[in-house]
Amino acid sequence: MANVKDIINNIEQLYGSNSSLKMLKDFERVIDELDTYVYDNWIDGELVEGPKETRYFIECTFMWPRDKMPEPVGGKRLLEYGCEVKFAETSISEVRKIKKPEDIRPGTKKGKIDHKDVWMVKIAMPKKLMTDINRGYTELDKNKIEDIVSLNGGVNSHIDPADQQVQDMANAEQPAA
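It should be emphasised that the depicted structure is a prediction, and the values quoted were computed from it without experimental measurement.

**Q** How should I be thinking about unusual backbone geometry in this particular structure?
**A** In terms of backbone geometry, most residues other than glycine have negative phi values and most peptide bonds are trans. The residue after Gly50, namely Pro51, is reached through a cis peptide bond having omega 0°. Relative to the assigned elements, Pro51 resides in strand β2 (residues 46-53). A positive phi angle, near 60°, is found at Asp35, a position not held by glycine. With respect to the secondary-structure elements, Asp35 resides in the loop between α2 (18-33) and β2.

**Q** In this structure, what is going on with the environment of Val38? I would like to understand it.
**A** Turning to its location among the elements, Val38 is positioned in the loop between α2 and β2. In this structure the C-alpha to C-alpha distance between Val38 and Glu71, which are 33 residues apart in sequence, comes to 9.7 Å.

**Q** Is there a simple way to think about the pattern of salt bridges in this case?
**A** A side chain of one charge can pair with a side chain of the opposite charge if their charged atoms are brought near each other. All chains considered together, the criterion is met by 12 salt bridges. Residue Arg96 is joined to Asp114 by a salt bridge in which the shortest nitrogen-to-oxygen separation is 2.7 Å. Remark: Asp114 occurs in strand β5 (residues 113-126) and Arg96 occurs in the loop between β4 (84-95) and β5; sequence separation between them is 18 residues. Judged by relative accessible area, which is 29%, Arg96 ranks as partly exposed. Asp132 serves as the salt-bridge partner of Lys128, at 3.1 Å between the closest nitrogen and oxygen. Linking Lys128 with Asp132, this pair stays in helix α4 (residues 127-151), spanning 4 residues, or about one helical turn. The class for Lys128 is exposed, based on a relative accessible area of 58%.

Rules and cut-offs
- Residue positions are given per chain, counting from 1 as you read along its sequence in written order.
- It should be noted that, the model being predicted, local features are given only for residues of pLDDT at least 70 and side-chain atom pairs only at 80 or more, the latter also being counted only at that level, while totals for whole chains, interfaces and linings use all residues.
- Values shown for side chains rest on all heavy atoms present in the structure; no hydrogens or waters enter the calculation.
- Only DSSP runs of H or I with at least four residues qualify as helices, and only runs of E with at least two residues qualify as strands; both kinds are numbered from the N terminus onward.
- By definition, a salt bridge exists where a carboxyl oxygen of Asp or Glu is found within 4 Å of a side-chain nitrogen of Lys or Arg.
- Only protein chains enter the calculation, and the probe is 1.4 Å; a residue is then buried if its accessible area is under 20% of its type maximum, exposed if over 50%, and partly exposed in between.

In structure tokens:
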């Protein structure tokens, strides 16, 4: 069973480390590229733990409220690409917001602890998959740039005619070598 304090500590550690944040962004990009977010509730997941790096995998655990279970077909989609996906029902400890005297723990000034039922999904993603998708993005960007340049007939073909006229006048004023 997780608690909110552990989740907050994980997020603080994540923002304190550039490499962890980059790893999480790459992890999320792969989930997006594999079209997992088209399945119900996958986009609503909250990071609970991770990213944790092992030799061949990056692991993250996400949480959803019990009534908003992510559609298992999305997990199956990840399995097709070599990811390991584990679903579990559990509960999380949360401190109740104090609105009335009954919300206070006896003998303290703190709120009572409530247990909220949630779904946890642990995803272990192969590092190779993350690298392949990142490499594909880089190659795709290069190809797009080359296609745009070739379609426009070169780099300067997108110049406005008025700017071209100014450029031509500037070239004409320069003495020939």
